[in-house]
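The primary structure of each chain is shown beneath.
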Amino acid sequence: MSIQKLGITSTNLSTRILKNKTLLKSLEKISDHGTSFSATTSLVLSLGLRPLAIFSTPDTEKENKQYAASNSISSGLVKYALVESIALPVEYAIKNIDKNPNKYLNQSTIKNLSENSKELINSKSYKLITQVLKLSTGFLTAIPKSILTVALIPIIMDKVLFRGKKQPLQTTQNPTIVTTGQKPPFTGRITDKISKGLSKIIDNNHIQNLAKKYEHKDKDIPKHITAGTDILLTGAAVYQTNKSEKIKETRKKALIYNNIISTAITLFGGYAIDNVIKNKSSKFIEKFKQINAADPKLYKYIEGINILRPALIFATIYYGILPIISTYTAEKIDKFIKRHQKSN
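Description of the structure in this document. The structure displayed is predicted, hence computed values, not measured ones.

### Comments concerning the overall build of the protein
- Within the protein, the secondary structure is distributed over 15 helices and zero strands.
- In the protein, buried positions account for 47% of the 344 residues.
- Counted over contacts in the protein with a minimum sequence separation of 6, partners at least 24 positions apart contribute 83%.

### A look at the nonpolar core
- If you look at the biggest cluster of nonpolar residues, it comprises 19 residues, and the most contacted ones within it are I97, L105, Y126, L198 and I202.
- Contributing elements (two or more residues each) for this core: helix 5 (62-99), helix 7 (107-114), helix 8 (124-140), helix 10 (189-203) and helix 12 (221-243).
- Take this core: its biggest share by element is five residues, from helix 8.
- Discounting residues that sit within four places of it in the chain, I97 has contacts with Y104, L105, Y126, S195, L198, S199 and I202.
- Among the nonpolar cores identified, the runner-up in size contains ten residues, and L24, F288, Y301 and I302 belong to it.

### As for the packing of helix 5 against helix 8
- One way to put it is that helix 5 packs onto helix 8 with a least axis distance of 8 Å and a crossing angle of 165°. It follows from the interaxial angle that helix 5 and helix 8 lie roughly antiparallel. Regarding helix 5 and helix 8, the two cross each other, and that crossing is right-handed. Residues A87, V90, E91, I94, I97 and D98 of helix 5 touch helix 8, and the partners they reach there are Y126, T130, L133, K134 and T137.

### Quick notes on the pattern of salt bridges
- Inspection of the entire model under this criterion finds 15 salt bridges.
- Here D32 ties to K95 by a salt bridge, and the two come within 3.5 Å at their closest N and O atoms. Taken together, the positions of D32 in helix 2 (residues 21-32) and K95 in helix 5 put the pair 63 residues apart, joining distant regions of the chain.
- Residue K95 is classed as partly exposed on the basis of its relative accessible area, which comes to 22%.
- Notably, a salt bridge pairs D32 with K300, separated by 2.5 Å at the nearest N-O pair. With a gap of 268 residues between them, D32 in helix 2 and K300 in helix 15 (residues 298-343) connect regions that are remote in the sequence. The residues D32 and K300 share a single accessibility class, namely buried.
- Overlapping salt bridges, with partners in common, bring together E61, E63, K248, R251 and K335 in one network.

### Some details on helix 2
- In this model, helix 2 (twelve residues) spans 16 Å end to end at C-alpha, consistent with the 16 Å of a helix rising 1.5 Å per residue.
- The complete set of buried residues in helix 2 reads L24, L27, E28, K29, I30, S31 and D32.

### Comments concerning a nonpolar patch on the surface
- A surface patch of nonpolar side chains, amounting to about 310 Å² of accessible area, comprises I265, I321, I324 and I325.
- In terms of residues, the nonpolar patch owes the most to one element, helix 15, which gives three residues.
- Summarising the element assignment, I321 is placed in helix 15.
- Among the residues examined, I321 registers a relative accessible area of 52% and is labelled exposed.

Parameters and conventions
Residues numbered from 1 in each chain as written. Predicted model: local features only at pLDDT ≥ 70, side-chain atom pairs only at ≥ 80, totals over all residues. Heavy atoms only, no water. Helix = DSSP H or I, 4+ residues; strand = E, 2+ residues; numbered from the N terminus. Buried < 20%, exposed > 50% of the residue type's maximum accessible area, 1.4 Å probe, protein only. Contact = heavy atoms within 4.5 Å. Core = buried A, V, L, I, M, F, W, Y, C linked by side-chain atoms within 4.5 Å. Axes fitted to C-alpha atoms, helices over the stretch in contact; angles between N-to-C directions. Parallel < 35°, antiparallel > 145°, perpendicular 65-115°, else oblique. Left-handed = near helix turned anticlockwise from the far one by under 90°. Salt bridge = Lys/Arg side-chain N within 4 Å of Asp/Glu carboxyl O. Expected span 1.5 Å × (residues − 1). Patch = residues over 30% accessible without salt bridge, like charges linked within 9 Å, V, L, I, M, F, W, Y side chains within 5 Å. Areas by Shrake-Rupley, 256 points an atom, 1.4 Å probe, with all protein chains shown as cover.

Okay, structure coming up:
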């Protein structure tokens, strides 16, 4: 029996999918907690997929694999911890402002940013400012993250994964994720104070003018902030690794090359693939907008898509495809340079 005979058309099916409550709620949650979503994705993949990919690298010394895997695990743990302690309060504070702009923002700010929008929350300029504020917590914590990540590498090497008969790190436990019905962990006076602090940034005329100037680029903001954060993280990690007294000198160069190669290929590959997918998915976005045009939270769903798309692309490349290439290449480069230095 065909689908048409059952009275189900492909149009009806796609409409049901694009109006699915679980899908829409997930996109809204990603919009509200973009940095948390990124950190949670990184945690799961850095504890599982990336180490597995690293250890499957052929023709590579075991200890180099161990250092690379330790770096992955340490990075995921530190990133998640920093997000839970810093990014989540910022995200909930901005949600406060979204719900009650008159309490936190000047009337001139609301008028200036709203313009043609009926509500401030639908303004492209306002969405751009709040999106940057939420996502920039990852950028601002990049250096302390790198310091803690490098500091944890020898601890994971010696105490957790590869020494003696220690129990391996459990990667099957799911991290705590803020779900739809869960009470926000940041409420009351602290969140209110953060909301008031962030509102001063939004009230700044220079910030508002910049947002209005670049509001048409809001689709690319998550991607650019992610790229900038990765570059800063890599630079800081390279510096800390080179300076570390607890990482073996004979393994430092391979670890440094691994980080640089991973970031470089992820950024170039991620941008290229994201641009292709973004262009190809333009019809899908338009259809999604049409089907959910009456939904007051449509702007959040679109923002969620714009965060989800590059996050998954970069994560797939960095945690799944790239580890084998970067681990193998880093060791070969390290050995080539050492041979060259000896010959001279």
